[in-house]
Amino acid sequence: MLLHAFIFMWVLQDAVTSQQLYPSTINEDMPPVNIESSDDAKPVDNGKAEKCITTAMKGLETIEPLVRSVEETPEPISTEVQGSIPSWVKGNLLRNGPGKFEFGNTHYNHWFDGMALLHKFTIAEGQVTYMSRFLNSEAYSKNSERDRIMISEFGTLALPDPCKNIFQRFLSRFEMMDSTDNANVNFVKYKGDYYVSTETNFMHRVNPENLETLDKVDWSKFIAVNGATAHPHYDPDGTAYNMGNSYGSKDTLQGAKVLCSIVPVNKAHPSYYHSFAANDTLLLPPAMSENYVVFIEQPIKMDLMKIVTAKLRGKALSDGIYWDPKQETVFHLINAFEEDGFLMIDLCCADNGGAINNYLIQNLRKSGDALDEVYNTISRAFPRRFVLPLQLTGETPTDQNLNTRPSSTATCVFCQHEDLHGDDLYEYGGLEFPQINYGKYNTRQYRYFYGCGFRHLVGDSLLKMDLKDKTLKGFFPSEPVFVPSPDAVEEDEGDKGTFLLVLDAKTFEELARANVPVNMAYGFHGVFNATP
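Calculation rules
Residues numbered from 1 in each chain as written. Predicted model: local features only at pLDDT ≥ 70, side-chain atom pairs only at ≥ 80, totals over all residues. Heavy atoms only, no water. UniProt positions renumbered as here; feature names shortened; annotations may be inferred. Helix = DSSP H or I, 4+ residues; strand = E, 2+ residues; numbered from the N terminus. Buried < 20%, exposed > 50% of the residue type's maximum accessible area, 1.4 Å probe, protein only. Contact = heavy atoms within 4.5 Å. Areas by Shrake-Rupley, 256 points an atom, 1.4 Å probe, with all protein chains shown as cover. Phe/Tyr/Trp six-rings, centres within 6.5 Å; stacked < 30°, edge-to-face > 60°. Lys NZ or Arg CZ within 6 Å of the ring centre and 35° of its normal. Polar contact = N/O pair within 3.5 Å; in protein donor to acceptor, adjacent residues only side chain to side chain. Pairing = 2+ DSSP bridges. Axes fitted to C-alpha atoms, helices over the stretch in contact; angles between N-to-C directions. Arc of directions from axis to C-beta. Salt bridge = Lys/Arg side-chain N within 4 Å of Asp/Glu carboxyl O.

Looking at an unreviewed UniProt entry, one finds the protein named Carotenoid-cleaving dioxygenase, mitochondrial and attributed to Dissostichus mawsoni. Its UniProt record gives the protein the following Subcellular location (unreviewed entry) comment, quoted word for word: "Mitochondrion". We quote the UniProt Sequence similarities (unreviewed entry) comment for the protein here in full: "Belongs to the carotenoid oxygenase family."

Here you go:
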């Protein structure tokens, strides 16, 4: 069994159809790059890194309603719009995230395990309709048919079929664990078609009008990867880029020309990657940085031996994921661009990568002091800039700061970062899920980015950062309005309201909100599809 990993990056040039993929390269003259490295690096036990100065929270409100199963809304329903949505805002906001956390008497352990629930907000002429549907994946179908968890997920191991005899259940532990097709992370677009994706080798084509599940695509049939990120990177011409890990021989690629392949520092412990475009993996700028691929190897590692033996040991896949405290953790990338002979890389960084194991369902559903304790043990993420010199020679000094830009405090000796924020961000609990004006400013010098403040386990505020003076604007929802359920028995049995919020991106003032009369679970990512 081959346990060595290779990281492959490939290009899809308007290439995905319901039948097949046609990968090609961005530069025919660019040879594949294979960077060899040593296997000497060893995993270390999770330790405690020095935490950023943040305010300890007390008396956090429970978020249990945001991480419980909800019903789908397969037909569009009207919403109540307060305020005024600009007439030029027309299109569909498509969102993805977990929406079902149990089948029968079996339940999922981790937030990432929930069944994919697809959401659609249609905005036209100042009005908004809402609908949702569960992704009809193989995992969802099998689980629903047997009313129990049949397919293992990231943090949940499916138990042996109770209908089998003892001997059959014992032998099933030696079978390879099926890869889930529960694509609950993001919506992506290829050649006009919409797909939902996760971090396995499966994604599904869906109808953006009614959210119907159409076809399942298996990446491994077209390129030799065992998984792909849920965040491809896009060029203005529609070309999409992605990357994935391959746990085996590096020359088994089928029907694709690889832009580059990189051997991890420790081939038996490659990095775990949440995403591509919104992560810390690769940057392929279409303009100013078209000659560079920047790869940052995550300190969140995968123990391949533990992963391939997880079922045999009675453990979920998450048992093979660990944090290497020798490095900072980066989950989401903000932007990168070239300027004055330097490459600027802006990232959301945390000093402790153990948070991924804190997002267990039982933790998210806690209340009182127990909830406060979970939150206050998590290291927050903050935006940071790293400056890399591009013009190096054999005579370049190695004992002095090479960053000569007076506007930046980052150093190019041991790559000390520059904070992209002021002290006021600590009061917001840091910043994650960053976004920029992607179409115009991706890979270019920019001034603003947006994100979520985290004074809770999930984002509780919207933030706008101005890099000119490192000031921010914040938006918090107004006071909750309690609406009792018609047949309410308990005091707190009711609806505090779910709504779609429309803000002015410049002033961060509320323009409108569309109140949705159904409960929604907290989701992950999505896209906006503008219509004429």
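Text resumes after the structure shown.
Another aspect to go through is the overall build of the protein. Scanning the protein from N- to C-terminus turns up 7 helices and 32 strands. Expressed as a percentage of the 532 residues in the protein, the buried residues total 50%. At a minimum sequence separation of 6, the contacts of the protein that also span at least 24 residues come to 68%. Entry remark: accessible area of the protein is about 25,400 Å², with carbon and sulfur atoms responsible for 52%.

We now examine the packing of aromatic side chains. Describing an aromatic ring pair means giving the distance of the ring centres and the angle of the ring planes. Evaluated as defined, the whole model comprises 13 aromatic pairs. Aromatic pair tryptophan 111 and tyrosine 359: ring centres 5.7 Å apart, planes at 25°, arrangement stacked. Separated by 248 residues along the polypeptide, tryptophan 111 in the loop between β8 (106–107) and β9 (115–124) and tyrosine 359 in the loop between β21 (342–350) and α5 (361–364) bring together distant segments of the chain. With relative accessibility at 6%, the residue tryptophan 111 sits in the buried group. Ring centres of tryptophan 111 and phenylalanine 524 lie 4.9 Å apart, and the angle between their planes is 65°; this geometry places the pair in the edge-to-face category. Here the residue tryptophan 111 occupies a position in the loop between β8 and β9, and phenylalanine 524 occupies one in the loop between β31 (510–516) and β32 (525–530), the gap between them amounting to 413 residues. By way of ring pairs, the aromatic residues Trp111, Phe112, Phe154, Tyr359, Tyr522 and Phe524 are connected into one cluster. Sitting over the ring of phenylalanine 103, lysine 100 keeps its end group 4.9 Å from the ring centre.

Here serine 271 is to be found in the loop between β17 (260–262) and β18 (300–302). On a C-alpha basis, the gap between serine 271 and lysine 301 in space is 4.3 Å, while along the polypeptide they are 30 residues apart. The residues touching serine 271, leaving out its near neighbours within four places in the chain, are Asn245, Glu297, Gln298, Ile300, Lys301 and Met302. Within the structure, serine 271 has its side chain in polar contact with the side chain of lysine 301 (distance 3.3 Å).

Turning to the sheet that holds strand β5 (residues 80–83), a few remarks are in order. In spatial order, the strands read β5-β31-β30; together these 3 strands make up an open sheet with antiparallel pairing. Where the open sheet ends on each side, the last strands, each with one partner, are β5 and β30 (498–503). Strand-to-strand twist across the sheet, computed as the mean angle between neighbouring axes with direction ignored, equals 20°. For β30 and β31, the ladder comprises 6 bridges, and the chain directions are antiparallel. In the sheet register, valine 502 faces β31, and the bridge partner there is alanine 512.

A few words on unusual backbone geometry. A positive phi is found at threonine 443, a non-glycine position, where the angle reads about 70°. Counting through the fold element by element, threonine 443 comes out in the loop between α7 (438–441) and β25 (448–453). Accessibility expressed as a relative area gives 2% for threonine 443, which makes it buried. Positive phi, normally seen in glycine, also occurs at lysine 470, with a value near 60°. Tracing the sequence through the fold places lysine 470 in the loop between β26 (461–466) and β27 (471–475). Classification of lysine 470 by relative accessible area gives partly exposed; the value is 24%.

On to the UniProt feature "binding site: Fe cation" (unreviewed entry) in the protein, then. Following the UniProt record, the feature "binding site: Fe cation" (unreviewed entry) maps to His231, His274, His332 and His525 here. Here histidine 332 is to be found in strand β20 (residues 329–339).

Let's shift gears to helix α6 (residues 368–376). Where α6 is concerned, the buried positions are Leu371, Asp372, Val374 and Tyr375. Axial view of α6: buried residues confined to an arc of 160°, hence all on one face. Facing away from the buried side of α6 by over 90 degrees, the exposed positions are Asp369 and Glu373. Looking at the buried side of α6, the elements it contacts are α5.

By the element assignment, phenylalanine 342 lies in strand β21. Classification of phenylalanine 342 by relative accessible area gives buried; the value is 6%.

Both β26 and β27 contribute to a ladder of 5 bridges, which runs antiparallel. When the bridges of β27 are listed, aspartate 466 appears paired with threonine 471. Remark: 4 residues form the turn of the hairpin made by β26 and β27, two consecutive strands paired antiparallel; lysine 470 in that turn has positive phi of roughly 60°.

What follows is about the pattern of salt bridges. Per the stated rule, a full pass over the model turns up 14 salt bridges. Note that aspartate 319 is salt-bridged to arginine 313, the shortest N-O span being 3.0 Å. Looking at aspartate 319, the relative accessible area reads 28%, which means it is partly exposed. The partly exposed category is assigned to arginine 313, whose relative accessible area is 34%. Notably, a salt bridge pairs arginine 384 with aspartate 351, separated by 3.3 Å at the nearest N-O pair. Of the two residues, arginine 384 sits in strand β22 (residues 381–389) while aspartate 351 sits in the loop between β21 and α5, which places them 33 residues apart along the sequence. Like aspartate 351, arginine 384 is buried. In this structure, a network of salt bridges that share partners links the residues Glu138, Lys142, Asp181 and Lys216.

Before going further, it helps to spend a moment on the side chain of serine 197. Along the polypeptide, serine 197 turns up in strand β12 (residues 193–197). Among all residues touching serine 197, those that are not within four sequence positions of it are Asn96, Ala183, Asn184, Val185, Asn186, Val188, Met203 and Ala230.

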